[in-house]
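Residues per chain, in single letters:
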Amino acid sequence: MTNLKLSKTEQNLLDAIIEMLVNVEPETPAEVDAELRAMGLDPDDMSERIEGVVKNVWATSPLNWRVQERRKIKAERERYHRSKSPLMVSREDIKKRIQLLSTQRGSQFASAHRNLDEASNEDLVSLLRQLEFLVGADQEEE
Amino acid sequence: METEISERLKGVDWPFTYKRLVLHTDKLIFYRYPRFRSGPGSQNLALGLTSEDIAQSAIEKVISGRRSWPEGLDLFVVLKQVARSVLSNLVVEVAKKPEFLLLDNEDSPINAVAQTEDQSMEDFYKERWQVIQEAVESDDDLQLLKFAIEHALDLNEKPTRSNLAAMLEIPPQEVTNQRRRLDRLVRKLMNDKLKTVKN
């Protein structure tokens, strides 16, 4: 090996040539497979292997819409459970709150629940929880 | 936006992309990271990794969204950059744990080189320079190709295939053929040299 240092020009030229050679690539699937076989690799095994890898990574990828949906459902379920905190208010307050939220949700929903006087306390609480959940979901979508 | 990426990822021919990326990674190691190669034709790198591991890692990063794939950009170009970055990080890891370097296949010629002298990157590039010059001098067309690359650099232009084709007044496909020929020659000469060192 010579002790001479490469000049700046030689270094630049070498770098350009190496970069060019790094990017010399086979173009067709047949050429790719032939080069891999020459390296002692089995292209068919490789295809199978990467399909398995892609499937596994995709199953948990944040870019996968199924994963995104699962996360949304989980978040909503948690929010729903959080909304189930004990209610320390009167029957009249609950009815007022239901009417307010029903109006927010639209007239059809409000009219469907106008006979609040006949509902049991338990039904009123349940209705209020559902409405709070739905109104919360509406706000998130906005 | 993410739905668009999701759709694009679903449309990728992964086996073909992966196999191309393995070949590219192997070439990158051969030309840029010589000390990671444990022998001619070998797929084993430092830390017990292979070219396939590097390519898989790059693909995993893009599918998992850890590395972005901007719309309109060729996925293979992105993956090549990611593979390069994975290799650079591996260099850092190996620098911390030099005992893992060239761990496997102790009889390989490159190990003989590594064991007999501490081959610095400067030496490596000098050696590559000699081999490339030797390859170029053996073929008139390759000499012209080298002159065209030099000329492009003098003009502060990138020696792209189309630039070189225009300078040499040959079809772009002929530039591709010449590049391939040079690649084959350099690899052969390098492997012959390694065999000589071994013997």
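Residues numbered from 1 in each chain as written. Chains lettered and ligands numbered in written order. Predicted model: local features only at pLDDT ≥ 70, side-chain atom pairs only at ≥ 80, totals over all residues.

Moving on, we come to the overall build of chain A. When helices and strands are counted, chain A shows 7 helices and 0 strands. Mapped in sequence order, the helices and strands of chain A form the string α-α-α-α-α-α-α. The buried share of chain A, reckoned over its 142 residues, is 11%. Long-range contacts, defined here as pairs at least 24 residues apart, represent 57% of the contacts in chain A between residues at least 6 apart. (Helix = DSSP H or I, 4+ residues; strand = E, 2+ residues; numbered from the N terminus. Buried ≥ 20, exposed ≤ 12 C-beta atoms within 10 Å, placed from the backbone. Contact = placed C-beta atoms within 7 Å.)

Counting secondary structure elements, chain B contains 9 helices and 0 strands. Seen in sequence order, chain B has helices and strands lined up from the N terminus as α-α-α-α-α-α-α-α-α. In chain B, which comprises 199 residues, the proportion classed as buried is 33%. Taking all contacts inside chain B whose residues are at least 6 apart in sequence as the whole, residues at least 24 apart take part in 63%.

What follows is about the packing of helix 1 (residues 8-22) of chain A against helix 7 (residues 140-154) of chain B. Helix 7 of chain B packs onto helix 1 of chain A with a crossing angle of 115° between their chain directions and a minimal axis gap of 10 Å. Crossing of helix 1 of chain A against helix 7 of chain B: the hand is right-handed. In this structure, helix 1 of chain A uses Asn12, Leu13, Ala16 and Ile17 of chain A to contact helix 7 of chain B, whose residues at the interface are Ile149, Glu150 and Leu153 of chain B. Across the contact of helix 1 of chain A with helix 7 of chain B, the residue classes break down as 5 nonpolar, 1 polar and 1 charged. (Axes fitted to C-alpha atoms, helices over the stretch in contact; angles between N-to-C directions. Left-handed = near helix turned anticlockwise from the far one by under 90°. Nonpolar A, V, L, I, M, F, W, Y, C, P; charged D, E, K, R; others polar.)

Our next topic: the interface of chain B and chain A. With 43 residues of chain B at the interface, the matching set in chain A holds 36 residues. If you list the elements that add at least two residues to the side of chain B that touches chain A, you get helix 1 (2-10), helix 2 (14-32), helix 3 (51-63), helix 6 (121-137), helix 7 and helix 9 (172-198) of chain B. Sorting elements by how many residues they give to the side of chain B that touches chain A places helix 2 of chain B first, with 14 residues.

What follows covers the environment of lysine 27 of chain B. You can see lysine 27 of chain B is positioned in helix 2. A count of 19 C-beta atoms within 10 Å places lysine 27 of chain B in the partly exposed class.

All names here are of chain B. Of note, asparagine 156 is a non-glycine position whose phi angle comes to about 60°, a positive value. Examined against the element boundaries, asparagine 156 turns out to sit in the loop between helix 7 and helix 8 (161-168). Overall, asparagine 156 belongs to the exposed group, with 6 C-beta atoms counted inside 10 Å. Even without a glycine there, the phi angle at glutamate 169 is positive, about 55°. The topology assignment puts glutamate 169 in the loop between helix 8 and helix 9.

Turning our attention to the nonpolar core. Residue and element names in this part refer to chain B. Formed by 44 residues in total, the largest nonpolar core has its most connected members in Ala55, Ala58, Ile59 and Ala83. Examining the composition of this core, we find that 8 residues originate from one element, helix 2, more than from any other. Residues within four places of alanine 55 in sequence aside, it is in contact with Tyr18, Leu21, Val22, Thr25 and Ala83. (Core = buried A, V, L, I, M, F, W, Y, C linked by C-beta atoms within 7 Å.)

Glancing now at the confidence of the model for chain B. Residue and element names in this part refer to chain B. Taken as a whole, chain B shows an average pLDDT of 80; of its residues, 74% reach a score of 70 or greater. Taking the mean pLDDT of every element in chain B, the minimum, 38, falls on helix 5 (residues 109-116) and the maximum, 94, on helix 3. A low-confidence stretch, residues 102-118 (pLDDT under 50), is modelled with 36 contacts involving residues beyond four sequence positions or located in other chains. Across the interfaces of the predicted complex, the ipTM metric reaches 0.76, alongside a pTM of 0.69. (pLDDT = per-residue confidence, 0-100.)

A word on helix 3 of chain B. Residues and elements named next belong to chain B. Taking 1.5 Å of rise per residue, 13 residues should cover 18 Å, and helix 3 covers 19 Å from first to last C-alpha, within 8% of that figure. When you tally the buried positions in helix 3, you get 10 out of 13 residues, the bulk of the element. Burial in helix 3 covers these residues: Ser51, Glu52, Ile54, Ala55, Gln56, Ala58, Ile59, Lys61, Val62 and Ile63. Positive phi shows up at glycine 65, right after helix 3, with a value of about 85°. (Expected span 1.5 Å × (residues − 1).)

This part covers the confidence of the model for chain A. Averaged over all residues, the pLDDT of chain A equals 80, while 80% of them reach at least 70. Put simply, helix 6 (residues 107-112) of chain A is where chain A has its lowest mean pLDDT, 56, and helix 3 (residues 43-60) of chain A is where it has its highest, 94.

Residue and element names in this part refer to chain A. For helix 1, built from 15 residues, the straight-helix expectation of 21 Å at 1.5 Å per residue is met to within 8% by its first-to-last C-alpha distance of 21 Å. Every buried residue of helix 1 is accounted for by Leu13, Ile17, Met20 and Leu21. The buried residues of helix 1 all sit within an arc of 100° when viewed along its axis, so they share a single face. (Arc of directions from axis to C-beta.)

Glancing now at the packing of helix 7 of chain B against helix 8 of chain B. Residue and element names in this part refer to chain B. Packing of helix 7 against helix 8 brings their axes to within 10 Å, and their N-to-C directions diverge by 110°. Considered as vectors, helix 7 and helix 8 are oriented roughly perpendicular to each other. As helix 7 runs across helix 8, the sense of the crossing is right-handed. The residues of helix 8 that touch helix 7, namely those facing Leu144, Leu145, Ala148, Ile149, His151 and Ala152, are Asn163, Leu164, Met167 and Leu168. Its residues placed into classes, the contact of helix 7 with helix 8 shows 8 nonpolar, 2 polar and no charged. (Parallel < 35°, antiparallel > 145°, perpendicular 65-115°, else oblique.)

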